[in-house]
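# Report on the structure
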Amino acid sequence: MASVSVSAQLNKAVRQQYMSLPQGGRCQVTYVWIDGTGQGLRNKTRTLDQEPKSIHDIPEWNFDGSSTYQAEGSNSDMYLIPVAMFRDPFILDPNKLVLCEVLKYNRLPAESNHRARCNKIMEQVKEHCIWFGMEQEYTLYGVDEHPFGWPKNGYPKPQGPYYCAVGADCAYGRDIVESHYKACLYAGVNIYGTNAEVMPSQWEFQVGPCEGIDMGDHLWMARFLLHRVCEDFGVILTLDPKPMTGNWNGAGCHTNVSTKVMRDEGGSSMFIEDATEKLGKRHNKHIELYDPNGGKDNLRRLTGRCETSSIHDFSTGVANRAASIRIPRHVGQQGKGYFEDRRPAANCDPYSVTMIMAETMLLDPEDHDKEYSYEDYMLGKEES
């Protein structure tokens, strides 16, 4: 069995004794933010005198950015700006979890704060009522960084019996999956479903449909909840797009998207065809934004094998899981609906993914592509 953390072996009955103590009408609020890696999540907690009724009741806060890869020690204070509030499934009501944007000392967005730019784009395309649904694949590790449940000195049976499987020999870590699902429902995350994936110890949950900026907010909070649940069970969550080399599936974050006209009766095929044509013209730009390292992570995953397309080519297909863009069969039959972009990596920033999808489909981004680098594009330097 994969090793678990020392903390997970502490006596949870003792902890519960303290968790049941009254709070005297006061409220614990945990601030959650994305660190300078663009992948890691950080959090810290403060007391409010009463339960906040909305995000506007939660004050700004600050933290030491030199300890989160976000600032130099000589100028390290960073601002936490609350943007989305959720119920806390770990210490329960009236306590809250609050997702925050990070601003620098000059109150400009931090380099890893892609939400700020995403929100601007979503406001520009608001009339189109763009919906997203993201399928977050992930892998469970023991604290020895070996896949949870895998033999210590070998490999499990080849892929085949694990996808949507049941049974102790096929499904590794279901307690974590079901606990995370309940935590999301309690918190108010718009979780849609979950299933075991193709590689053993690999799972998926889906969030959505969410409109505009809500997609990124809900997926980041769902990730935070999963990290915390894994912490309680003493295992590690990894979003590595290719955690195991060889003939093992990688991990993606397939993104389903539709606009109002795509969902309306008739006309869907024409609008989907128009959208996918635009996506194809900006394939390389999308690849740069579909993982936090400018496409380098996806290079290991998008090989044209193991249910992926090639990172070098753009393709579409009905019910084709080896295409860049998959159009579900029922969408083609009904003449309305959505399509799935299968390129985003598991460790993508959903703000970056949804931002560039909305921009490519619904705005005119050609000038940006000609003039600005990947780094400038994500920092919004074209607006300065």
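The structure contained in this document is the topic of the report that follows. Quick caveat: nothing in here was measured; it's all calculated off a predicted structure. (Residues numbered from 1 in each chain as written. Predicted model: local features only at pLDDT ≥ 70, side-chain atom pairs only at ≥ 80, totals over all residues. Heavy atoms only, no water.)

### What about the sheet that holds strand β4 (residues 77-87)?
Note the threshold: For two strands to be treated as a pair, DSSP must find no fewer than two bridges joining them. Labels follow the DSSP assignment, with helices taken as runs of H or I lasting at least four residues and strands as runs of E lasting at least two, numbered in each case from the N terminus. Throughout, an axis means a line fitted to C-alpha atoms (over the contacting stretch in the case of helices), and angles, computed between N-to-C directions, take values from 0 to 180 degrees. Should any heavy atoms of two residues lie within 4.5 Å, those residues are considered in contact.
Taken in spatial order, the 5 strands make up an open sheet running β2-β1-β5-β4-β3, and their pairing is mixed. Pairing within the sheet leaves two strands with one partner each, and these edge strands are β2 (41-48) and β3 (61-64). Here the average twist between neighbouring strands, direction ignored, is 40 degrees. Relative to β2, strand β1 (residues 27-34) is paired through 8 bridges, and the arrangement is antiparallel. Counterpart to V32 in the pairing with β2 is N43. Contacting β1, β2, β4 and β5 (96-103), helix α4 (residues 214-233) runs over the sheet at an angle of about 120 degrees to β5.

### A closer look at empty space enclosed by the protein
The condition that has to hold: The distinction between a cavity and a pocket rests on a 1 Å grid over the protein atoms alone: a 1.4 Å probe fits inside a cavity but cannot get out, while a pocket stays open yet meets protein on both sides within 12 Å along at least five of seven lines, and a residue with an atom within 4 Å of a point counts as lining. Grid points are joined across faces, edges and corners, and a volume is the space filled by probe spheres set on the points. The classification used treats Ala, Val, Leu, Ile, Met, Phe, Trp, Tyr, Cys and Pro as nonpolar, Asp, Glu, Lys and Arg as charged, and all other residues, Gly among them, as polar.
Counted by the stated rule, this structure contains 3 cavities of 30 Å³ or more. Estimates place the volume of the largest cavity at around 80 Å³. If you trace the largest cavity, you find it lined by I34, L99, C100, E101, V102, S112, N113, R115 and Y351. Partitioned by chemical class, the residues of the lining of the largest cavity number 5 nonpolar, 2 polar and 2 charged. Taken as a whole, the second largest cavity encloses approximately 30 Å³ of empty space. For the second largest cavity, the full set of lining residues is R301, L302, E307, T308, S309, R321, A323, R342 and R343. Across the lining of the second largest cavity, the residue classes break down as 2 nonpolar, 2 polar and 5 charged.

### Structural notes on the pattern of salt bridges
This is how it is decided: Each reported salt bridge corresponds to a side-chain nitrogen of Lys or Arg within 4 Å of a carboxyl oxygen of Asp or Glu. Burial classes follow relative accessibility: with a 1.4 Å probe on protein chains only, a residue under 20% of its type's maximum area counts as buried, one over 50% as exposed, and anything between as partly exposed.
Under the defined criterion, the tally for this structure stands at 22 salt bridges. For R115, the salt bridge is made with D217, and the minimal N-O distance between the two is 2.9 Å. Of the two residues, R115 sits in helix α2 (residues 115-124) while D217 sits in helix α4, which places them 102 residues apart along the sequence. Residues R115 and D217 agree in their burial class; the two are buried. For R343, the salt bridge is made with D341, and the minimal N-O distance between the two is 2.8 Å. Each member of the pair, R343 as well as D341, is classed as buried. Residues participating in the shared-partner salt-bridge network are E101, R115 and D217.

### Observations concerning the state of the cysteines
Let me state the cut-off plainly: Disulfides are defined as pairs of cysteine sulfur atoms found within 2.5 Å of each other.
Taken as a whole and judged by the stated rule, the model has 0 disulfides. Not part of a disulfide, C230 finds its nearest cysteine sulfur in C184, a span of 11 Å. Given the relative accessible area of 1%, C230 is considered buried.

### Observations concerning the packing of α2 against helix α10 (residues 350-362)
Our working definition: If an angle is under 35 degrees, it is roughly parallel; if it is over 145, roughly antiparallel; if it lies from 65 to 115, roughly perpendicular; otherwise it is oblique. Two helices crossing with the near one rotated counterclockwise from the far one by less than a right angle form a left-handed crossing, whereas a clockwise rotation gives a right-handed crossing.
Packing of α2 against α10 leaves a shortest axis separation of 9 Å and a crossing angle of 30 degrees. By the criterion of interaxial angle, the relationship of α2 to α10 is roughly parallel. In the crossing of α2 with α10, the sense of the turn from one axis to the other is left-handed. On α10, the residues touching R115, R117, C118, I121 and M122 of α2 are Y351, T354, M355, A358 and E359.

### Some remarks on the nonpolar core
Rules: The criterion is simple. A nonpolar core is a set of buried Ala, Val, Leu, Ile, Met, Phe, Trp, Tyr and Cys residues joined through side-chain atoms within 4.5 Å.
Grouped together as the largest cluster of nonpolar side chains are 75 residues, with contacts concentrated most on Y138, V189, F205, V207, M221, L225 and F339. It is α4 that contributes the most residues to this core, 10 residues altogether. Discounting residues that sit within four places of it in the chain, V189 has contacts with F86, C184, V207, H218, M221, A222 and L225. I55, V98, C100 and V102 belong to the second largest nonpolar core, which has 15 residues in total.

### Concerning the packing of aromatic side chains
Formally: Side-chain rings of Phe, Tyr and Trp, where Trp is taken by its six-membered ring, are said to pair if the distance between their centres is within 6.5 Å; with planes under 30 degrees apart they count as stacked, over 60 as edge-to-face, and otherwise as tilted. Both a distance and an angle decide whether a charge sits over a ring: NZ of Lys or CZ of Arg must be within 6 Å of the ring centre and within 35 degrees of the ring normal.
Summed over all chains, the structure comprises 6 aromatic pairs. Pairing W150 with W248 gives two aromatic rings, centres 4.8 Å apart and planes at 50 degrees, and the pair type is tilted. Of this pair, W150 sits in the loop between β6 (131-141) and α3 (174-187) while W248 sits in the loop between β9 (236-238) and β10 (253-258); the two residues are 98 residues apart in sequence, bridging distant segments of the chain. Overall, W248 belongs to the buried group, its relative accessible area being 8%. The aromatic ring of Y186 is capped on one face by R87, whose charged end is 3.9 Å from the ring centroid. For the cation-ring pair, R223 lies above W220, with the distance from its terminal atom to the ring centre recorded as 4.7 Å.

### What to know about the layout of surface pockets
As a volume, the largest pocket reaches approximately 770 Å³. Along its surface, the largest pocket is lined by 36 residues, and E135, N256, R326, Y338 and E340 are the ones closest to its centre. When contributions to the lining of the largest pocket are tallied by element, the ones reaching two or more residues are β6, β7 (191-196), β8 (202-211) and β10. Taken together, the residues of the lining of the largest pocket sort by class into 12 nonpolar, 13 polar and 11 charged. Elements with a minimum of two residues in the lining of the second largest pocket: α1 (12-19), α3 and α4. Per-element accounting of the lining of the second largest pocket gives the leading share, 5 residues, to α4. Of the residues in the lining of the second largest pocket, the class split is 7 nonpolar, 4 polar and 6 charged.

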